[in-house]
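Secondary and tertiary structure notes
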Amino acid sequence: MKRYVYINDDDSTKDLYCDNRISNRKYTIVNFLPKNLWEQFSRFMNQYFLLIACLQLWSLITPVNPASTWGPLIFIFAVSATKEAWDDYNRYLSDKKANEKEVWVLRHGIKKHIQAQDIHVGNLVWLCENDEVPCDLVLIGTSDPQGLCYVETAALDGETDLKTRGVIECPSPDKDIRRFDANLRLFPPFIDNDICSLTIKNTLLQSCYLRNTEWACGVAVYTGNETKLGMSRGVPEPKLTAVDAMIDKLTGAIFVFQLVVVIVLGIAGDVWKETEAIKRWYVKYPPEGQWYELLIIPLRFELLCSIMIPISIKVSLDLVKSLYAKFIDWDIEMYDPESGTSSHAANTAISEDLGQVEYILTDKTGTLTENRMIFRRCCISGISYGNESGDAIKDVDLQNAVSTSSPDVIRFLSIMAICNTVVPTKSKSGTISYKAQSQDEDALVNAAANLHMALVSKSGNMIEINYNGSSVQYELLDTLEFTSDRKRMSVVVRDCQNGKVILMSKGADEAILPYSDPGQHTKIFSEAVEQYAQLGLRTLCLAWRELMEDEYREWSLMFKEANSTLVDREWRLAEVCQRLEHNLEILGVTAIEDRLQDGVPETIEMLRKAGVYFWMLTGDKQNTAIQIALSCNLISPEPKGQLLLIDGKTEDEVFRSLERVLLTMRITTSEPKDVAFVVDGWALEIALKHHRKAFTELAILSRTAICCRVTPSQKAQLVELLKSCDYKTLAIGDGGNDVRMIQQADIGVGISGREGLQAARAADYSIGKFRFLKRLILVHGHYSYNRTAFLSQYSFYKSLLICFIQILFSFISGVSGASLFNSVSLMAYNVFYTSIPVMVSVLDKDLSEKTVMQHPQILFYCHAGRLLNPSTFAGWFGRSLFHAIVVFVISMHAYSYEKSEMEEVAMVALSGCIWLQAFVVALETNSFTILQHLAIWGNLAAFYIINWILSALPASGMYTIMFRLCRQPAYWLTMLLIVAAGIGPVLALKYFRYTYTPSKINILQQAERLGGPILSLGNIEPQSRSFEKEVSSLSITLPKSRNSVYEPLLLDSPNSTGRSLGTVTPFDFLQSSSRLSSIYSRDYKTN
């Protein structure tokens, strides 16, 4: 579908397309209630509780008042709905602010102020410096004469362009911010009705800001929610964390257990009714019941046991996860003063997964490096400059070649100054500065200026160069833009002095050298590229070719036709460009340094100790990537390190190379960073397409990888490959080419870098520098996982506790499904009595931040899921059953005598539950604050205050009960006995474990409490994975032996000799754990 935009013609477009009113709201006042209820009831757990609540309306089977379920259900729904409404209201306020913002438009040659929401497609929008772009615009003119108009026409300055009329033919709205294939036709008298092609570079997209430009004028082509940003908005697909998946499994297990209990007790109840009930004079069942009588008792037990699954767990987890995200936003330790960037959590639901990351897939440029390019060396016509000083600009030989006007050097510097998209600007003082989209281009243009080949101006199609004080002008005829597939950029210019048409090209070596003139020897340039890459420098090859006038004229027609097509424009352009970019004369090679960011090697080393593995995915050359990997501690240097190269241009070559690497990886016993595989984009494409099983096995076995010359889509494929192996992945990058990888990963982290904010906006988390990643994972990931694991298991514990007491009561109540507790108590138990203490667990820290950062190995506990798994849940399950027995037995023996009322016994049992849970929370809390003490013990006091109030109300069903109980010493003695019997064994087990079989975390906790020195943790076992089982599922056989094997660094290193690999080194600190444990034991006993 096409869209025709009539410029400055309201009558033609006003009713065809939407206005510019944006709406990010999820609800309206009318549909909020039904839509929100539909969303909430789309979850299985909510459907389950709704069914239970509806069954309780059947008075024949309900053991309690329906309010005991309807109350908490409505409360939970109300909390969720309120949160949704609040978020939607904030979106509404944001939309309202944007819609009512005042903007300038041009109508009939007059500038007029209107609200942004009143802009229509075809309107001319006038922007001033620092204004936000209100919709997607096609740029018509600017105040800067060098960038006045992107179309092939005369300048439209002054009053004329205020009355411009014409039509833009463009595609229907889409969300691809990298593409805009359109045509512009301006009506006479401005140009001869000629078609001008438009690309994404001719647009100003919504929410961008106009910088360093006095004014700009553009045509609105997409408005409102049809802008590219508006089409990209929306609620992203929710990511299921490992903790959420485990909770779902545990919920399923509890549900099955509940069904078994219901069936068993239901049958037992029916049997008792038929055999024993008739013998009891006080039990009056009808002699003959309805056909559904056999279902009444099982359904009654289903209602009674429904609280096994905690109704509040979902909303509780949502609330605490929102707080985890705020902790990340508020962390001043992750603030980058250089860029003024704070960390930000865009996704509030996956914080605990940060502690379970196993693989980090990282971009290189701008992520590991600073993305600040410095021109260091070059090779011109086989002569290298800058090798001795490390700075080619200061190389005397190069300076002499410039001063003597060496033809090759002059052409080389001309390409550096001309073949780019840089825009020069001149200040009032006459100083020239450059605005560049690419840091590489900025480095090259500044280097050329320092070598007396300065880019002075770009006015329309004219380019002015200042060489040694003399002005040289070129006419820009065509620009062959850079793409990730072509990997090169070219310009066609006409030398205004002699009229020659020249093609200037620059790009990657594999995109330039193969297209050289057949008679030119390029080996010396290939060797220079390899030499610079070994130093970790980024390389570009420069070339040119003089074109015949007829050849250019014929090609220009094809280029213009391809440039104006709306279907497959990119492919057509690449094909046409290929017709011109051949028989090139290679002039030389540039080498640019991109320095590592501060703290990158330390961050990688620390995360490695935590059991996190790294894959580097980059578009750079292999040797450049390897040198950066060595400098940032991603891999070990020779002789310890070994790199296994996967290469080849054919399917057979890649397969043989892959098999050789697989054989080595199967039997190696090296540390992760001591053995890594290296693959380029070509070989990777073949491996993923034809040998996916073998490459998947390699992904399972490998811990470190360097993937070079990879495209954005290949980055996303590698993330998906690791996810398919059941690894938890984190992708981090800083540019638009990293967006697909970031969105594909379990956790996406964007760096707010020099390449813009595309990656940061698409990510779950954004940070200012790579070094903050260690704090994000080690501190926030560790704490979030620990807190979520405790909260989820405690939620099940408190629900199972009260449910087990109900089940035990059924054995002394004729297995009838009668409830011990009244409806008010059950409702308050779920909503108030047990929720507040655990909510403050978001402040709990098992270890201090300093200790967590000093001992990254403890992240293995998160990897292995040692705090939330079927084993730990079984412990909480057993604890709830044990505590239920304690509360029930003691309460019944203390108060089940003739003068006691059932309500008194129930209140004693409920009080025992509240006391036990207060001590359980206190026992599981590692770091107390005033807020936590208030929540735990204040909640206990609030329990009595609430029940005193209820006891004063005759209609509550609990009239005077709490007053009577609190006056009885036996009641307080019973509470003391319940706490002692319930907490005593738990405390004893905890003491035994801390003293005789402490975990590594326990040892560190003991050291913190004693204030002792840093201790030796020994070796923490990582999460055990059955690699044989995983690989066997791929139908690939693993060898039985695991002998040492060695392949030299890069395989073709001339100094390589055979060496065996060492074993894994344990984590070393200073003092033994056994000594500290004995100190702790003595200190504990003396206390």
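Because the structure is a prediction, the values reported are computed rather than measured.

1. Section: the sheet that holds strand S28 (residues 729-733)
Read from one edge of the open sheet, 9 strands run S11-S30-S29-S28-S12-S24-S27-S26-S25, paired in mixed fashion. In the strand order of this sheet, the two ends are held by strand S11 (344-345) and strand S25 (642-646), each with one partner. Contacts from helix H17 (residues 622-631) reach strand S24 (613-617), S25, strand S26 (675-680) and strand S27 (704-708), with the element oriented near 145 degrees to S27. Sitting on the sheet, helix H19 (residues 681-690) touches S25, S26 and S27, and the angle it makes with S26 is about 95 degrees.

2. Observations concerning the pattern of salt bridges
A complete count under the given rule lists 42 salt bridges for this structure. Among the salt bridges present, the one from Arg372 reaches Glu338, with a minimum N-O distance of 2.3 Å. Of the two residues, Arg372 sits in strand S13 (residues 369-380) while Glu338 sits in the loop between helix H8 (313-329) and S11, which places them 34 residues apart along the sequence. For Arg372, a relative accessible area of 37% gives the class partly exposed. Among the ionic pairs, Arg879 bridges to Glu924, the shortest N-O distance being 3.2 Å. Here Arg879, found in helix H29 (residues 870-895), pairs with Glu924, found in helix H30 (residues 902-924); they are 45 residues apart in sequence, far enough to count as distant. The same class applies to Arg879 as to Glu924, namely buried. Each of Glu475, Arg494, Glu549, Asp550 and Arg553 takes part in salt bridges that share partners, so that together they form one network.

3. Some thoughts on H30
For H30, with 23 residues, the first-to-last C-alpha span of 33 Å sits near the 33 Å given by 1.5 Å per residue. For H30, the buried fraction is high: 19 of the 23 residues fall into the buried class.

4. A short note on the nonpolar core
Among the nonpolar cores identified, the biggest contains 149 residues, and Ile360, Ile706, Leu730 and Leu773 are the most heavily contacted of them. The dominant element in this core, judged by the number of residues it contributes, is helix H24 (residues 772-810), at 22 residues. Ignoring sequence-local partners within four residues, the contact set of Ile706 consists of Met616, Ala625, Ile626, Ala629, Leu634, Ile635, Phe677, Val678 and Val679. Membership of the second largest hydrophobic core comes to 45 residues, among which are Leu398, Leu455, Ile463 and Met489.

5. Quick word on the confidence of the model for the protein chain
For the protein chain, the mean per-residue pLDDT works out to 81, and 85% of the residues sit at or above 70. Contacts of residues 146-164 to residues separated by more than four positions or lying in other chains number 42 contacts, the stretch itself having pLDDT below 50.

6. Points about the packing of helix H13 (residues 523-534) against H17
Where H13 meets H17, the axes come as close as 7 Å, and the angle between the chain directions of the two elements is 15 degrees. Overall, the two elements H13 and H17 adopt an arrangement that is roughly parallel. Once H13 is placed against H17, the crossing between them reads as right-handed. Each of Glu530, Ala533 and Gln534 in H13 lies in contact with H17, whose residues at this interface are Asn623, Thr624 and Gln627.

7. Let's talk about the environment of Ile751
Within the element layout of this structure, Ile751 appears in strand S29 (residues 747-751). Residues Ile751 and Ile767, 16 residues apart in the sequence, show an inter-C-alpha distance of 5.1 Å.

8. Some thoughts on the sheet that holds strand S3 (residues 110-115)
In spatial order, the strands read S3-S2-S4-S10-S5-S9; together these 6 strands make up an open sheet with antiparallel pairing. The sheet is open, and its two borders are formed by S3 and strand S9 (203-204), each paired with just one other strand. In this sheet, strand S10 (residues 215-222) lies alongside strand S5 (residues 136-142) in antiparallel orientation, the contact comprising 6 bridges. When the bridges of S10 are listed, Val138 appears paired with Val219.

9. Brief notes about the pairing of strand S20 (residues 488-495)
Most of S20 sits out of view: 7 of its 8 residues are buried. Of the strand pairs in this sheet, strand S19 (residues 470-480) and S20 are connected by 6 bridges, and their pairing is antiparallel. Paired with Glu475 across the bridge in S20 is Arg494. Bridging between S20 and strand S21 (residues 501-507) involves 7 bridges; their strand directions are antiparallel. By the bridge assignment, Val491 is partnered in S21 with Met504. Between the end of S20 and the start of S21, which pair antiparallel, lie 5 residues, with Gly499 showing a positive phi angle near 80 degrees.

10. So, the side chain of Lys228
Within the element layout of this structure, Lys228 appears in helix H5 (residues 228-232). Assessed through its relative accessible area of 1%, Lys228 is described here as buried. At 2.7 Å, the side chain of Lys228 forms a polar contact with the side chain of Asp174. When neighbours within four sequence positions are excluded, Lys228 is seen to be in contact with Asp136, Asp174, Lys175, Asp176, Ile177, Arg179, Phe180, Ile200, Leu205 and Tyr222.

11. Quick notes on the environment of Ile380
Along the chain, Ile380 falls in strand S13. Take Ile380: its relative accessible area is 2%, and that puts it in the buried class. Separated by 206 residues in the primary sequence, Ile380 and Ile586 place their C-alpha atoms 9.1 Å from one another. Setting aside its immediate chain neighbours within four residues, Ile380 contacts Tyr385, Leu398, Asp408, Val409, Phe412, Leu587 and Gly588.

About the criteria used
Residues numbered from 1 in each chain as written. Predicted model: local features only at pLDDT ≥ 70, side-chain atom pairs only at ≥ 80, totals over all residues. Heavy atoms only, no water. Pairing = 2+ DSSP bridges. Helix = DSSP H or I, 4+ residues; strand = E, 2+ residues; numbered from the N terminus. Contact = heavy atoms within 4.5 Å. Axes fitted to C-alpha atoms, helices over the stretch in contact; angles between N-to-C directions. Salt bridge = Lys/Arg side-chain N within 4 Å of Asp/Glu carboxyl O. Buried < 20%, exposed > 50% of the residue type's maximum accessible area, 1.4 Å probe, protein only. Expected span 1.5 Å × (residues − 1). Core = buried A, V, L, I, M, F, W, Y, C linked by side-chain atoms within 4.5 Å. pLDDT = per-residue confidence, 0-100. Parallel < 35°, antiparallel > 145°, perpendicular 65-115°, else oblique. Left-handed = near helix turned anticlockwise from the far one by under 90°. Polar contact = N/O pair within 3.5 Å; in protein donor to acceptor, adjacent residues only side chain to side chain.

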